Amino acid sequence: MTQPIVVVNVDDHEAARYAKRRTLTRAGFVVYDAGTGAEALQLVSRHSPDLVLLDVNLPDISGIEVCRSVKSANVSVMVLQISASATAAPHAIKALNSGADAYLTEPVDPDVLVATVGALMRLRTAERDLAAANARLESANRELARSNDDLQQFAFVASHDLQEPLRTVSSFAGLLERSAGSRLTETEQQFAHHIVDGADRMRVLIHDLLHYSRVGQEPSSSETVSLGAVLDVTIENLRELIAETGAEIEVDELPVIAGDEAQLGHVFQNLLSNALKYRREDVKPHIQIAAARQNTDWILQIEDNGIGIDRRHWESIFAPFKRLHSQEIAGTGIGLAVCRRVIEAHSGRIWVESRVGEGSIFRFTLPALSTEPT
């Protein structure tokens, strides 16, 4: 059963107080009357009303002060203040600035009074529902954070513990292949090779899974980072693959931003190595890297002339373990998932546009330094 709405009706004029009480009682409200500010505060303390209908001019305490006291004790109590029309404007400003939720001037039409009280009650219900929803959301966020922490810890432990038996399998299979190679049939040699190759691929997958689990929701550090310098290190790391493929790399001037240098290095490493790996046969790789300012963000762009990506996969390639080329090209399908996680942790986003047989353009945003002009 719905609880009735409780109103404290405060007015030092008995006739006016009676008229408002009669109107509100007929509308179904429970009403307690007070003729002074002191009586009003006692009733508020005793009955915990939903609303205080408060005259501004009281014989002992100003209605403005009563409003402040009510709100300081319980901000969820709605206060509707009333004054004579001759003093409405200055009193209305003071009342609203003191915490009153609404203001009416005498004479008040009974229907307007009831409608205003009803509107304030709906507003309070909405505020309470919103507060409850926010509390549930905060609780869910805390639980999600705990679950994410548990999941990351599980991935870390599982990945770490799986590496030791894999090393054992790989080592003994390799020893078997080397020591008994001449005595094994061709088929048996293939079996041993498959064991070693499978163990090696599993070890790479576990390493990438371990790395993915370590990439947190926020950068592990935030410092001033020269993306040009980060890219230089990445190109040096890929020097052998660049030389092997004969790739040409063009780099525009890149900005300085705030972020985690190591994590951003992983982004460049993954995107550039992909541009080199997923190249077209008999076509020299050509990679262009550029940056452009857009409002408060920098947009970084890495464009290649590789094999391209079908439009159907533009979004799914950023999911963990998503691979489009199976075993044709080495990889675990973790790289782009790591890129997305890093960029989102830096308050950015990453996406791709591509044409099959022509190449791809990967773009990602990073916030510009607050000291830079827009």
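For the structure itself, consult the block above.
*Asks:* Please explain the pairing of strand S11 (residues 350-355) as it appears in this structure.
*Replies:* Moving residue by residue along a regular strand, the side chains alternate between the two faces of the sheet. With six bridges joining them, S11 and strand S12 (residues 359-367) adopt antiparallel strand pairing. Bridge pairing links Arg355 to Gly359 in S12. Turn length for the S11-S12 hairpin, with the two strands adjacent in sequence and antiparallel, is three residues, and the turn residue Gly357 shows positive phi of about 85 degrees.

*Asks:* Where do I start with the packing of helix H7 (residues 227-237) against helix H9 (residues 261-277) in this structure?
*Replies:* Two measures define how a pair of helices packs: the angle their axes make with one another and the distance between the axes. Close contact between H7 and H9 brings their axes to 9 Å; oriented N to C, the two are set at 50 degrees. In this view, H7 runs oblique relative to H9, as classed from their interaxial angle. The hand of the H7/H9 crossing is right-handed. Where H7 approaches H9, its residues Leu227, Val230, Leu231, Thr234, Ile235 and Asn237 are matched on the opposing element by Glu261, Leu264, Gly265, Phe268, Gln269 and Leu272. Along the lines of polarity and charge, the residues of the contact of H7 with H9 split into seven nonpolar, four polar and one charged.

*Asks:* Even after reading the chapter, I still don't get the sheet that holds strand S1 (residues 6-10), so can you show me in this structure?
*Replies:* Sheet strands line up and pair through hydrogen bonds in the backbone, either parallel or antiparallel. Taking strand neighbours across the sheet as the criterion, the five strands line up as S2-S1-S3-S4-S5 in an open arrangement whose pairing is parallel. Only two strands of the sheet have a single partner each, and these edge strands are strand S2 (30-34) and strand S5 (102-106). Across the sheet, the axes of successive neighbouring strands diverge by a mean angle of 20 degrees, strand direction being ignored. Its contacts with the sheet put helix H1 (residues 14-26) on S1, S2, strand S3 (51-55), strand S4 (78-84) and S5, and the angle it makes with S2 is roughly 170 degrees. On top of the sheet, helix H3 (residues 63-73) reaches S3 and S4; it is set at about 180 degrees to S4, its chief contact.

*Asks:* Even after reading the chapter, I still don't get the sheet that holds S11, so can you show me in this structure?
*Replies:* With mixed pairing, the five strands of this open sheet are ordered in space as S7-S9-S10-S12-S11. With one partner strand each, in any of the chains shown, strand S7 (248-251) and S11 form the two edges of the open sheet. Recorded for the sheet is a direction-independent mean angle of 15 degrees between the axes of neighbouring strands. Where strand S9 (residues 286-294) meets strand S10 (residues 297-303), seven bridges bridge the pair, whose relative direction is antiparallel.

*Asks:* It is not clear to me how the pairing of S1 should be interpreted in this structure. Could you clarify?
*Replies:* Of all the five residues making up S1, five are buried; the element is thus mostly covered by neighbouring parts of the structure. Sheet analysis places S1 next to S2, joined by five bridges and oriented parallel. Looking at S2, one finds that Val7 is bridged to Val31. Since S1 and S2 lie parallel, the crossover through H1 that links them has a hand, and here it is right-handed. Where S1 and S3 come together, four bridges link them in parallel fashion. Bridge assignment links Asn9 to a residue of S3, and that residue is Leu53.

*Asks:* Got a minute to help me understand the packing of aromatic side chains in this structure?
*Replies:* The description of an aromatic ring pair uses the distance of the two centres, along with the angle that the planes make with each other. What the rule picks out here adds up to two aromatic pairs. Their ring planes at 70 degrees and their centres at 6.0 Å tell us that Phe268 and Phe364 sit as a pair that is edge-to-face. Here Phe268, found in helix H9, pairs with Phe364, found in strand S12; they are 96 residues apart in sequence, far enough to count as distant. For the pair shown, Phe268 and Phe364 are each scored as buried. A ring pair is formed by Phe318 and Phe362, whose centres lie 6.2 Å apart and whose planes are at 80 degrees; its orientation type is edge-to-face. You can see Phe318 sitting in the loop between S10 and helix H10 (335-345) and its partner Phe362 sitting in strand S12, a full 44 residues away along the chain. The pair Phe318 / Phe362 is uniform in exposure class, with both members buried. Sitting over the face of the ring of Trp351, Arg349 holds its NZ or CZ atom 4.0 Å from the ring centroid.

Criteria and cut-off values
- Residues numbered from 1 in each chain as written.
- Predicted model: local features only at pLDDT ≥ 70, side-chain atom pairs only at ≥ 80, totals over all residues.
- Heavy atoms only, no water.
- Pairing = 2+ DSSP bridges.
- Helix = DSSP H or I, 4+ residues; strand = E, 2+ residues; numbered from the N terminus.
- Axes fitted to C-alpha atoms, helices over the stretch in contact; angles between N-to-C directions.
- Parallel < 35°, antiparallel > 145°, perpendicular 65-115°, else oblique.
- Left-handed = near helix turned anticlockwise from the far one by under 90°.
- Contact = heavy atoms within 4.5 Å.
- Nonpolar A, V, L, I, M, F, W, Y, C, P; charged D, E, K, R; others polar.
- Buried < 20%, exposed > 50% of the residue type's maximum accessible area, 1.4 Å probe, protein only.
- Right-handed = clockwise from strand over helix to strand, strands pointing away.
- Phe/Tyr/Trp six-rings, centres within 6.5 Å; stacked < 30°, edge-to-face > 60°.
- Lys NZ or Arg CZ within 6 Å of the ring centre and 35° of its normal.

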